[in-house]
Amino acid sequence: MQSFLRLSGWLLLSGLGLADPVLGKNLSTPAASCFVTGGTLATGPFPRSITTADFNGDGNADLAVANLSSDSVSVFLGDGAGGFGPGATFPVGSGPQSITTADFNEDGRADLAVATGGELGLASPFDVSILLGNGAGGFAPPRNFGIGDPGSHSLSVAVADFNRDGHADLALGNYGLSRVSIFLGDGKGSFTLSGTFGPLFQNVFSVAVGDFNGDGNPDVAATSDFINAVYVLLGNGKGLLGPPTAFRAGPLAIGVTVGDLNGDGSQDLVVANEGGSVVSVLVGFGDGNFVPAVNYPVGLGSRGVVLTDLNIDGAPDIVVANEVSDDVSVLFGNGTGGFGPTASVPVGLDPISLAAADFNHDGLPDLAVVNGGSNSVSVLINAAPTVLPVSLPAGTVNTNYPPMAFSASGGAPPYTFARSGNSQLAFDPATATIYGIFGSATPVIFSIAVTDANGCSSTRSYSLTVNRVDTPVRLTSSVNSAQPGQVIRLTATLEFSPTGPATPTGVVYFHDALNLIGTAPVVVNFDSVRGVLNGGATIDISTLSPGRHLLTAAYSGDGNFNSSTSPILTLVVGAPEIPTLGPVALAALALLLAGATLFLIRTRA
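Definitions and limits used
Residues numbered from 1 in each chain as written. Predicted model: local features only at pLDDT ≥ 70, side-chain atom pairs only at ≥ 80, totals over all residues. Heavy atoms only, no water. Helix = DSSP H or I, 4+ residues; strand = E, 2+ residues; numbered from the N terminus. Buried < 20%, exposed > 50% of the residue type's maximum accessible area, 1.4 Å probe, protein only. Contact = heavy atoms within 4.5 Å. Disulfide = S-S within 2.5 Å. Pairing = 2+ DSSP bridges. Axes fitted to C-alpha atoms, helices over the stretch in contact; angles between N-to-C directions.

## Notes on the overall build of the protein
Check the secondary structure of the protein and you find two helices and 48 strands. The buried share of the protein, reckoned over its 605 residues, is 50%. A sequence separation of at least 24 residues applies to 51% of the contacts in the protein between residues at least 6 apart.

Take a look at the structure:
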């Protein structure tokens, strides 16, 4: 009945043309060839929602699916190669509609929270079931919690710490009451109702959590389907929510997710609209308000929506499950809040929910899509090529960096490569090689993108350390000894490679032992005789006192050149010292003086 009513509403709104103008173009582009089937998993009857986590602690992504008509959850354990074992079934409360995961009793194991709103028109005694995981893929019997109103029909659930006590709490979208309920967790797997907030103008279908006003407190976004809006309720950090503020989305707003689409640090919204064949993007200002929605084309009857980085280029991508056209729509983000052409990938009947994770450990997000009409999950393995990891050694300013080539695997060869980011080094796309000489010690951050013959692509980012140059200093004097008051020229020469683009700057400090006797800026000159650059600093000094002086020159260094100090240069100022004579020398001198005296006497006689 629910599906019939929503399909009728979608047809009505689409026929009336109430959808906003959209950007882009709906294309059957290479995206379909960028995924390969990872198999189909049999669920319970009428599956409604899916989540992913590592439920048995083996490091592989697993799946959990809420089955509406059997009041159960199906858990599929991943093998780490893209496959999944047979589903294990665990009972929950009446009419499970939405599922999420967190560690609710803080034992390090993934648990489940299931919104048990029941079938519309049928009362449900509880609103949420908590299934505590045992770390081996199994779960304890459900713990059920409710707001005390059997007509609440909680259709969605999200996790956050709403009172900032360190424990996971829950937000429930109460479809029947047009409100949002907050349950506070105690860290032991139990919950207490904090309050029910609203009402929204009309039924609450989905909820998601983010910090929309940048105050550090979790807020709630909730879709209201027939009013074509998404509401934001700001949290106060104490488990309470403020009044709802509506922002226009598309016709029959159903699914909602949160992320930073343009890299400005503020949370944005993406809304899947079951009518109008559009997904709405609302970029946040960071103060709780949003830019008017921009709509992009998707398939028919869009329901579930996730954000993930399918091509690992650092920009979130949108994936939407389309219930009427039996496919998922993929829109690649550009990192500034915009999205490229829409591509479609076929799945089972009536896809309504989806999750993204790396099921085969290749570094690329894969997809799992719940098909409500065929009681199954379609596993889609991301078949894009990947750039293979390369260990990049550190470089040095003014030094040739050895050519480093990149390669790829997967996808459909041949590959083409492109580089983006820091451009200190040259890049040869024909050989996917970086090379050149560094002109700055600034870290080099860049990305290598690979695209295969089908147009599928992915990106790997690198950070390369560039070290400063060691810069020895040599100190010389214009004289080896000097008289008091004589002008002495001291020259500090920086020994650096003159072949690179960087030249030293900074100051040289001249010292006599520990005493500073002068400073001078580094000057770089061209030596026309040798055809090279020379760097150094010079001072003239005439105030050195008589005696021995131990002189040094210390270079300050700069962003590209390391500091250093010269060896000691000894300089004597004043008359040379008279050597001390030993006994033999004194006797010889006495004889010499005696002979000179006798000669003078005889001459005078």
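## As for the state of the cysteines
Scanning the entire structure with this criterion turns up one disulfide. The partner cysteine of Cys 34 in its disulfide is Cys 456, sulfur to sulfur 1.9 Å. Residues Cys 34 and Cys 456 share a disulfide whose torsion about the S-S bond is about -100°; that sign makes it left-handed. Of this pair, Cys 34 sits in the loop between helix H1 (2–16) and strand E1 (35–42) while Cys 456 is found in the loop between strand E36 (444–451) and strand E37 (457–464), placing the two residues 422 residues apart along the sequence. Accessibility classification places Cys 34 together with Cys 456 in one group, the buried group.

## Here we look at the sheet that holds strand E21 (residues 294–297)
Across the sheet, which stays open at both edges, the four strands sit in the order E18-E19-E20-E21 with antiparallel pairing between neighbours. Since the sheet does not close on itself, it has two edges, and those belong to strand E18 (253–259) and E21, each with one partner. This sheet shows a mean twist of 25° between the axes of neighbouring strands, independent of strand direction.

## Notes on the pairing of E18
Across the seven residues that make up E18, a large majority, seven, are buried. As judged from the six bridges shared by E18 and strand E19 (residues 268–273), these two strands associate in the antiparallel manner. When the sheet's bridge partners are listed, Val 258 is paired in E19 with Leu 269.

## What to know about the sheet that holds strand E5 (residues 88–91)
Read across the open sheet, the four strands follow the order E2-E3-E4-E5; overall the sheet is antiparallel. This sheet does not close on itself; its edge strands, each paired only once, are strand E2 (47–53) and E5. In this sheet, adjacent strand axes meet at a mean angle of 25° when their direction is disregarded. As judged from the four bridges shared by strand E4 (residues 72–76) and E5, these two strands associate in the antiparallel manner. Of the residues in E5, the one forming a bridge with Ser 72 is Pro 91.

## Observations regarding the environment of Phe 332
Along the chain, Phe 332 turns up in strand E24 (residues 327–333). Look at Phe 332 and you get partly exposed, because its relative accessible area is 32%. A sequence separation of 16 residues divides Phe 332 from Pro 316, and the C-alpha atoms of the two residues are 7.4 Å apart.

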